[in-house]
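# Tertiary structure, described
One-letter residues, chain by chain:
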Amino acid sequence: MSSFEKVGVMGGGAWGTALALAAARADRQVTLWARNDETVRAINSSRQNPDYLPGITFDAPINATGDLADLSGQDAMLLVTPAQTTRAMASQLASLYSGAIPVLLCAKGIERHSGQLLSEVFTAEMPNAIPAVLSGPSFADDVAAGLPTAVTIAAPDLDVADALSRMLASNTLRPYASDDITGAQIGGSLKNVLAIACGAVVGKGLGASAVAALTARGFAELTRLGTALGARAETLTGLSGLGDLVLTCSSKQSRNFSFGIKLGQGMSIEELSQPGQKLAEGAHTAEVAVDLAGKHDVELPICEAVANTVSGKTSVDQAIATLLRRPLRHE
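Residues numbered from 1 in each chain as written. Predicted model: local features only at pLDDT ≥ 70, side-chain atom pairs only at ≥ 80, totals over all residues. Heavy atoms only, no water.

### Topic: the packing of helix α7 (residues 181-203) against helix α11 (residues 255-264)
What describes two packed helices is the angle between their axes and the distance between those same axes. To keep it simple, the criterion reads: Note on geometry: axes are lines fitted to C-alpha atoms, helical ones only across the stretch in contact, with angles between N-to-C directions running from 0 to 180 degrees. Here a strand is any run of E in DSSP of at least two residues, a helix any run of H or I of at least four, and the numbering for each starts at the N terminus. Note on angle classes: values under 35 degrees are labelled roughly parallel, values over 145 roughly antiparallel, values of 65 to 115 roughly perpendicular, and the remainder oblique. A clockwise turn of the near helix away from the far one marks a right-handed crossing, whereas an anticlockwise turn of less than a right angle marks a left-handed crossing. Working rule for contacts: check all heavy atoms of both residues, and any pair within 4.5 Å makes them a contact. Gly counts as polar in this scheme, as do all residues outside two lists: the nonpolar Ala, Val, Leu, Ile, Met, Phe, Trp, Tyr, Cys and Pro, and the charged Asp, Glu, Lys and Arg.
α11 packs onto α7 with a crossing angle of 40 degrees between their chain directions and a minimal axis gap of 6 Å. Between α7 and α11, the angle is such that the two are oblique. Relative to α11, α7 is oriented so that their crossing is right-handed. Here N192, A195, I196, C198, G199, A200, V202 and G203 of α7 come into contact with α11, specifically with N256, F257, F259, G260, I261, L263 and G264. Here the contact of α7 with α11 is built from residues that sort into nine nonpolar, six polar and no charged.

### A word on helix α6 (residues 158-168)
So the rule is basically this: Exposed residues in this analysis have more than 50% of their type's maximum accessible area, buried residues have under 20%, and partly exposed residues fall in between, with area computed by a 1.4 Å probe over protein chains only. Polar contacts, as counted here, are pairs of nitrogen or oxygen atoms within 3.5 Å of one another; within protein the pair requires one atom able to donate a hydrogen and one able to accept it, and residues that are adjacent in sequence qualify only if both atoms are side-chain atoms.
Taken as a whole, α6 has its buried residues at V160, A161, A163, L164, S165, M167 and L168. In this structure D157 caps α6, since a side-chain oxygen of it lies 2.8 Å from the backbone nitrogen of D159.

### What about the packing of α7 against helix α13 (residues 281-295)?
Remark: α7 packs on α13, axes separated minimally by 8 Å, with the N-to-C direction vectors making an angle of 110 degrees. Looking at the two axes, α7 sits roughly perpendicular to α13. Seen from α7, the contacting residues are S189, L190, N192, V193 and I196; seen from α13, they are E281, G282, A283, T285, A286 and A289. Taken together, the residues of the contact of α7 with α13 sort by class into six nonpolar, four polar and one charged.

Here's what the structure looks like:
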């Protein structure tokens with residue numbers, strides 16, 4: 001497949017800007033659409049996005065716009081908006097493209113009201129486009145700062161995944177191509193839920209041993225669901241599965257881990273949902289992940305504990321006690 005020289009990015013937050021910068025470092029012509037006019041002005045005038053990436057001046061050119069029509073005519077698109085907005089944003093993008101343009105989905109989650117993976121949501125709105133997924137252990141600040149990072153790019157067609165990997169590859173960002181689009185999405189979705197659980201344990205001061213146990217048993221849950229949905233083992237043990245899980249369950253840079261810490265410290269869901277609080281996608285994904293697992297006869301006790309906690313059905317202490325009282329079983 002030919003290379004993608006003109007790259008559009010839909011989403012002007014921290015992750016969208018960081019990935020736009022990664023594409024620009026790979027010598028692509030990058031057009032970034034942002035909803036916020038101040039973000040557009042800052043990027044174009046000072047080569048910064050101070051609201052989302054403070055202190056970072058871009059070392060490669062990005063053209064920012066607030067006009068969605070400016071995203072037309074691209075060779076490939078990156079959709080970098082929150083997971084629960086994927087359907088609405090894909091619908092808007094569909095007004096610009098009717099052909100087989102590759103679109104790289106960069107959010108991690110499962111749609112709440114349908115229980116669909118984001119690639120399925122996207123395909124429903126843009127049936128002729130080619131969905132792909134970017135996942136793996138990566139923080140926006142690290143990518144924007146040019147720190148070494150490796151990710152997975154998965155698409156149903158491996159040639160597309162290879163071309164998208166070349167599109168973003170640079171001296172600091174190393175993509176690995178895959179055609180296991182399901183596995184890449186399950187890893188990225190469930191790690192957010194499991195990070196909330198690990199954060200809550202840290203917030204309660206229950207020790208590093210408990211965090212390690214939750215991470216390991218959480219990986220078992222991720223593997224069970226991924227396998228039931230057809231994911232491959234090498235994907236689940238790779239960057240987009242185990243790699244992303246380890247990072248997200250151990251760093252306060254993770255919104256979901258930090259959300260869990262605050263829960264463990266006693267903050268309520270209502271307080272954590274106030275305007276200005278950072279989005280924790282795992283709080284939206286937990287219940288739908290448990291529902292999806294139920295349809296495939298898979299148990300996700302840690303995810304279920306998170307779902308019950310963020311919905312207000314149980315407290316953090318009750319959730320932990322329930323997990324510890326589960327019947328003993330073979331590993």
